Amino acid sequence: MSRIQTVFQALNGRKALIPYVTAGDPDPDTTLALMHGMAKAGADIIELGVPFSDPMADGPTIQRAAERALAQGVSLNDVLAIVRRFRETNQNTPVVLMGYLNPVHKMGYETFARVAAEAGVDGVLTVDSPVETIEPLQQALQAAGLDCIFLVAPTTGEERIAQIAQRAGGFVYYVSLKGVTGSAELDTAAVAEKLAVLRRHIRIPIGVGFGISDAASAAKIAAVADAVIVGSRIVREIEANPGREAEAVAALVGELKAAV
């Protein structure tokens, strides 16, 4: 059983909290401290962003985080090195890499999957890999024991949802908004309606992200989803607290965890 499956089973009906940070923002050592702080504060799974020069699904907040990391030369290999360091003392909290296909393609799917698994990664979500073309990557990940995690949008039709359900592992990430990260207000009723459609096909947990900015919105989503995913709000906390990023983010994660 994978670490991700173990976490969801251990929740026993409660909801998972999945915070996101961009690896290397503001620097690799602080990213490691952030990961440990979030885990201690109640994060069930950590989503670690791989910085990329053209993060098309991300709004200004996460774009700035990627720029800060890239300015220091943080690469995919550096991201994997952070995960290795995290695993030196934390063997239980799942880590999901979230990013774009180009760095993975450059490394090679089989090589990436093997090195990521050796580093202690549990799942991979490539934002710009549609289900129609993801099979080579998905097979490489599966062979290495990694979950291939998919995004589903409000506009995704049932035929495509069924295709995704056949390939997805770990959990499915439902994007609650038509837009980029951190871009709009949540419509919880619309999310609940779409989740009912997704659950006709998807048998693994479904997490909801985009637009969750505080404990109140996290609680609303926790009422209808299996997991609450928070990204831009956490990255803003990092921006606002130079020198005490890990402490500030851990406090926020604690508040969010209490709400879900």
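Heads up: the structure comes first, above all this text.
Residues numbered from 1 in each chain as written. Predicted model: local features only at pLDDT ≥ 70, side-chain atom pairs only at ≥ 80, totals over all residues. Heavy atoms only, no water.

What am I meant to see in the sheet that holds strand S8 (residues 206–209) here?
Strand pairing in a sheet relies on backbone hydrogen bonds. The paired strands run either parallel or antiparallel. Here 9 strands make up an open sheet; going across it, the order is S5-S4-S3-S2-S1-S9-S8-S7-S6 and the pairing parallel. Two strands bound the open sheet, and with one partner strand each, they are strand S5 (147–148) and strand S6 (151–152). Pairing analysis gives 2 bridges linking strand S4 (residues 123–126) to S5, with the strands arranged parallel. Its bridge partner being in S5, Gly123 is matched across the sheet by Asp147. (Pairing = 2+ DSSP bridges. Helix = DSSP H or I, 4+ residues; strand = E, 2+ residues; numbered from the N terminus.)

I tried to follow the packing of aromatic side chains on my own but got confused; where do I start?
The geometry of an aromatic ring pair comes down to the distance between the two centres and the angle between the two planes. Within this structure, the stated rule accounts for 3 aromatic pairs. Taken together, a centroid distance of 6.3 Å and an interplanar angle of 55° make the contact between Phe8 and Phe171 tilted. Of the two residues, Phe8 is situated in helix H1 (residues 3–11) and Phe171 in the loop between helix H8 (158–167) and strand S7 (172–175); the sequence distance between them amounts to 163 residues. Just as Phe8 is buried, Phe171 falls in that class too. Measuring from ring centre to ring centre gives 5.3 Å for Phe52 and Tyr100, while their planes differ by 20°; the resulting arrangement is stacked. (Phe/Tyr/Trp six-rings, centres within 6.5 Å; stacked < 30°, edge-to-face > 60°. Buried < 20%, exposed > 50% of the residue type's maximum accessible area, 1.4 Å probe, protein only.)

So what exactly am I meant to see when it comes to the nonpolar core here?
Side chains of a nonpolar character, in soluble globular proteins, are inclined to be buried together. Ranked by size, the top nonpolar core spans 66 residues in total, and within it Leu48, Leu97, Phe112, Leu141, Tyr174, Leu195 and Leu198 carry the most contacts. Beyond its immediate sequence surroundings of up to four residues, Phe112 is in contact with Leu76, Leu97, Val104, Met107, Val124 and Leu141. Membership of the second largest hydrophobic core comes to 26 residues, among which are Ile62, Ala65, Val96 and Ile229. (Core = buried A, V, L, I, M, F, W, Y, C linked by side-chain atoms within 4.5 Å. Contact = heavy atoms within 4.5 Å.)

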